[in-house]
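Structural overview
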Amino acid sequence: MEAINPTIINLVIFVLAIYVGYHVVWNVTPALHTPLMAVTNAISAIVIVGAMLASALTVDPLAKGMGVFAVALASVNVFGGFLVTKRMLAMFKKKEKKAKGGQS
């Protein structure tokens, strides 16, 4: 009996993760989007730490480059997530009314 190639197993897991992630995110009610973004930012921060550790512990230049690339992508995800969360929270703030009669 022949063993299954680990690359195929990893590819299947990756595709399933994309499928499940897509359906989980698109079925979230609007009231939960901000907490979901906060959790996503926390997960991305963990990815940054893991990528930094992995790239620091390797000696292969390609692996170091991929680690730096992973840190950069996860950083963009974290900062973008904070910007989106800030905009979403701003939508729930009460707007100040303008003064009547031309007074400022």
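Residues numbered from 1 in each chain as written. Predicted model: local features only at pLDDT ≥ 70, side-chain atom pairs only at ≥ 80, totals over all residues. Heavy atoms only, no water.

Check the secondary structure of the protein chain and you find three helices and zero strands. Intrachain contacts of the protein chain at a sequence separation of at least 6 include 64% that bridge at least 24 residues. Carbon and sulfur atoms make up 74% of the accessible area of the protein chain, which amounts to about 9,200 Å² in all. (Helix = DSSP H or I, 4+ residues; strand = E, 2+ residues; numbered from the N terminus. Contact = heavy atoms within 4.5 Å. Areas by Shrake-Rupley, 256 points an atom, 1.4 Å probe, with all protein chains shown as cover.)

This paragraph deals with a nonpolar patch on the surface. Judged by side-chain polarity, Ile4, Ile8, Ile9, Val12, Ile13 and Leu16 come together as a nonpolar surface patch covering roughly 570 Å² of accessible area. With respect to the helices and strands, isoleucine 4 occurs in the segment before helix 1 (6–26). For isoleucine 4, a relative accessible area of 61% gives the class exposed. (Patch = residues over 30% accessible without salt bridge, like charges linked within 9 Å, V, L, I, M, F, W, Y side chains within 5 Å. Salt bridge = Lys/Arg side-chain N within 4 Å of Asp/Glu carboxyl O. Buried < 20%, exposed > 50% of the residue type's maximum accessible area, 1.4 Å probe, protein only.)

For the protein chain, per-residue confidence averages 81 on the pLDDT scale, and residues scoring 70 or more make up 89% of the total. The least confident element of the protein chain is helix 2 (residues 33–57), whose mean pLDDT is 79; the most confident is helix 1, at 87. (pLDDT = per-residue confidence, 0-100.)

Buried together is how nonpolar side chains tend to be arranged in soluble globular proteins. Judged by nonpolar contacts, Ile48, Ala51, Val71, Ala74 and Val78 together constitute the single largest core of five residues. Elements with a minimum of two residues in this core: helix 2 and helix 3 (61–91). At three residues, helix 3 tops the list of elements feeding residues into this core. Look past the residues within four positions of alanine 51 in its chain and what remains in contact with it is Gly67, Ala70 and Val71. (Core = buried A, V, L, I, M, F, W, Y, C linked by side-chain atoms within 4.5 Å.)

One can find threonine 58 in the loop between helix 2 and helix 3. Reaching out from threonine 58, the side chain makes a polar contact with the backbone nitrogen of aspartate 60 at a distance of 3.4 Å. Ignoring any residue separated from it by four or fewer positions in sequence, one finds threonine 58 in contact with Ala63 and Lys64. (Polar contact = N/O pair within 3.5 Å; in protein donor to acceptor, adjacent residues only side chain to side chain.)

Below, the discussion takes up the UniProt feature "transmembrane region" (unreviewed entry) in the protein chain. Feature annotation in UniProt places "transmembrane region" (unreviewed entry) on residues 6–26, 38–59 and 65–85, given in this structure's numbering. Helix makes up 100% of residues 6–26 and strand 0%. Its end C-alpha atoms lie 30 Å apart. Its end C-alpha atoms 34 Å apart, residues 38–59 is made of 91% helix and 0% strand. (UniProt positions renumbered as here; feature names shortened; annotations may be inferred.)

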